[in-house]
Amino acid sequence: MKIRVKINGQDRSFEIDPSEYLLDTLRKNGYMSVKRGCDTGSCGACTVLLDGRPVISCSVLSASVDGHEITTAEGIANQMKEYMHALASEGADQCGFCQPGLLVMIYYLKKMIDKGLIERDKETVRRYLIGNLCRCSGYLPQERAIFRFLGVD
Amino acid sequence: MSLRIKEYVRPKTLEEAYSLLQKEGAEILGGTTYARLSSREIQLAIDLQDLGLDEIKEEENGWISIGSMARLSDLEFHPLLKDFAGGFLPYVLSRIWSLQLRGVATVGGTVVPRWGFSDFLTAVLALETEVEFYKSGRMKLEDFLEKGLKEKDIMTRLLIKKEERRAVFKYMRNSEYDFSIVNVAVSVKVEDGKLYDCRIAVGARPGVAKLATKAMEILKESYDDEHVEMALHAVEDEINFGDDFRWSGEYRKSVALVLLKRALGEVIS
Ligand SMILES: Cc1cc2nc3c(=O)[nH]c(=O)nc-3n(C[C@H](O)[C@H](O)[C@H](O)COP(=O)(O)OP(=O)(O)OC[C@H]3O[C@@H](n4cnc5c(N)ncnc54)[C@H](O)[C@@H]3O)c2cc1C
Ligand code: FES
Ligand code: FES
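Residues numbered from 1 in each chain as written. Chains lettered and ligands numbered in written order. Predicted model: local features only at pLDDT ≥ 70, side-chain atom pairs only at ≥ 80, totals over all residues. Heavy atoms only, no water.

J.: Can you lay out the site of ligand 1 for me, pointing to particular residues and giving the numbers?
T.: Near ligand 1 there are 32 residues, and of these B:Ile28, B:Thr32, B:Thr33, B:Thr106 and B:Thr110 occur at the shortest range. In this structure ligand 1 sits where residues from chains A and B come together. Note that a nitrogen atom of ligand 1 is positioned 3.4 Å from one of the backbone N or O atoms of B:Gly109. Protein chains shield 92% of the accessible area of ligand 1, which is 990 Å² for the free molecule. No other element matches the 3 residues that helix 6 (residues 107-111) of chain B contributes to the shell around ligand 1. (Near = heavy atom within 4 Å. Polar contact = N/O pair within 3.5 Å; in protein donor to acceptor, adjacent residues only side chain to side chain. Areas by Shrake-Rupley, 256 points an atom, 1.4 Å probe, with all protein chains shown as cover. Helix = DSSP H or I, 4+ residues; strand = E, 2+ residues; numbered from the N terminus.)

If you want it as structure tokens, here you go:
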């Protein structure tokens, strides 16, 4: 079956199988920032924005996004330079596999915090990042970079 | 492990969706977060996204109406629920794994399967809640959880009575990354500073959430310490706690009673 989607502002159409998940459709079509970690909804490596809200793309049927808008890390990287500098200066990442999904979440959290819909405090930010697992960093350097970027004391 | 889908459809009316559902091998799709973990084939997957079932609004008659296709994260940030019962539901929802999961999971997919481990079902059962199906109509949530449905149907809405309630949810997990091993929710109506109509729900027993009706009856007489103790004894008699690979029923029961005592203390104080 055919689906039409807007990805990072560009209209695209793909031929998909009805059993296919968005993670696979995106990777097959070159959006390689979207990673497969667990494939069961737990790790957050596959996080993208669907109509502006963060979703685990491994659990979203591709057929169901026909007519919708998707944003991947590729689409927002330019707006996240300051965050990337914060990561680099804290030596936050090791392999970097978790980072594109985390970057999408941080982009979203910043918007929600700026709108006053999510509180700007450490415990709240930690809770909203519970679904982004990192197998290398031990989280602390990432956390320092994230708090700095989000202006959380 | 994979869920295979032979044919995918997006009906334009509820009537059409219902008649498609009656075909053999037809199933409703929620967010598919749970369905996708099974290994089977759906002959006809019915996506309800074009039916306007994602609306959350206050009805004129004092109920909050939540469409079955609303995402859990839509509820979490909705102004109606932020202010209701001291933000009780957004708190409970924020305990259901990640925001990215809640951005996909739907209310229908969370209510209809009547999962024992559910945090959301325990919480809404402690409020006055009803569930509406296209053909089977509207029923109390406790009746649906106990009896289920006789036929394949489409959940259309969840309805929560909007009244002045104090509500508390407590749970125990082996780790924050796990499902609740037992969870409890207690709510009480507050009118002119007086407490009425205490509702006590116990879930992850590991069976589906259940109301402790005898304990609720006892608390109609008084909310003093003696009645709270009597209510806890009634829970011990009335609610079954079973074993599973995580915990024994005995241990579950002990923990549930401690959580309930704390929850009752908080809503009554
Ligand atoms: C990694 C992970 C962690 C989780 N952690 C928790 C947790 O901590 N606490 C907790 O309570 N839960 C937890 N869950 C469970 C989660 O809440 C469920 O996966 C989710 O609620 C299912 O919603 P869905 O819309 O994706 O349902 P689906 O998987 O799409 O559907 C489930 C079932 O409901 C049926 N259905 C859906 N909508 C309707 C409708 N409108 N009418 C009739 N039938 C319908 C479907 O046919 C299907 O049989 C977790 C799940 C995962 C994957
Ligand atoms: S790959 Fe999607 S949550 Fe892990
Ligand atoms: S840096 Fe390797 S998974 Fe996070």
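J.: I'd like a description of the side chain of B:Asn183, backed by residues and values.
T.: Summarising the element assignment, B:Asn183 is placed in strand 10 (residues 182-191). A polar side-chain atom of B:Asn183 sits 3.2 Å from the main-chain carbonyl oxygen of B:Ser118.

J.: Describe the pattern of salt bridges, naming the residues involved and giving the relevant values.
T.: Within the structure shown, the criterion is met by 31 salt bridges over all chains. Salt-bridge contacts for B:Arg173 lead to B:Asp119; the nearest nitrogen and oxygen are separated by 2.8 Å. Taken as a pair, B:Arg173 in the loop between strand 9 (165-172) and strand 10 and B:Asp119 in helix 7 (residues 119-125) lie far apart in primary sequence, 54 residues in all. For B:Asp119, a relative accessible area of 7% puts it in the buried group. When salt bridges that share partners are traced, they join A:Asp24, A:Arg36, A:Asp39 and B:Arg36 into one network. (Salt bridge = Lys/Arg side-chain N within 4 Å of Asp/Glu carboxyl O. Buried < 20%, exposed > 50% of the residue type's maximum accessible area, 1.4 Å probe, protein only.)

J.: Report on the nonpolar core, specifying residues and quantitative values.
T.: Proteins that are soluble and globular tend to have nonpolar side chains buried together. Within the largest apolar cluster, 107 residues are counted, with the highest numbers of intra-cluster contacts made by B:Phe88, B:Val111 and B:Ile200. The dominant element in this core, judged by the number of residues it contributes, is helix 11 (residues 249-268) of chain B, at 8 residues. In contact with B:Val111, other than residues within four places in its own chain, are B:Phe120, B:Leu121, B:Val131, B:Leu141, B:Phe144, B:Met155 and B:Leu158. In this structure, A:Leu102, A:Ile118, A:Phe147 and B:Phe77 belong to the second largest nonpolar core, which totals 30 residues. (Core = buried A, V, L, I, M, F, W, Y, C linked by side-chain atoms within 4.5 Å. Contact = heavy atoms within 4.5 Å.)

J.: Give me the lowdown on the interface of chain B and chain A, citing residues and values where you can.
T.: Taken together, the contact between chain B and chain A spans 31 residues of the former and 34 residues of the latter. A buried area of about 2,500 Å², summed over both sides, lies between chain B and chain A, and 57% of it is on carbon and sulfur atoms. Per-residue buried area on chain B facing chain A is highest for B:Arg36, B:Trp97 and B:Gln100; these three make up 28% of the total on that side. Between the two partners, chain B and chain A, sit 2 salt bridges. Notably, a salt bridge pairs A:Asp39 with B:Arg36, separated by 3.6 Å at the nearest N-O pair. Across the contact surface, chain B and chain A share 18 residue pairs in polar contact (both at pLDDT 80 or more). Of all the secondary structure elements, the ones that give two or more residues to the side of chain B that touches chain A are strand 1 (3-9), helix 2 (72-76) and helix 5 (99-102) of chain B. Broken down by element, the residue count for the side of chain B that touches chain A peaks at 5 residues, all from strand 1 of chain B. Of the residues belonging to the side of chain B that touches chain A, the class tally is 12 nonpolar, 9 polar and 10 charged. (Buried area = accessible area lost by both parts, 1.4 Å probe. Nonpolar A, V, L, I, M, F, W, Y, C, P; charged D, E, K, R; others polar.)

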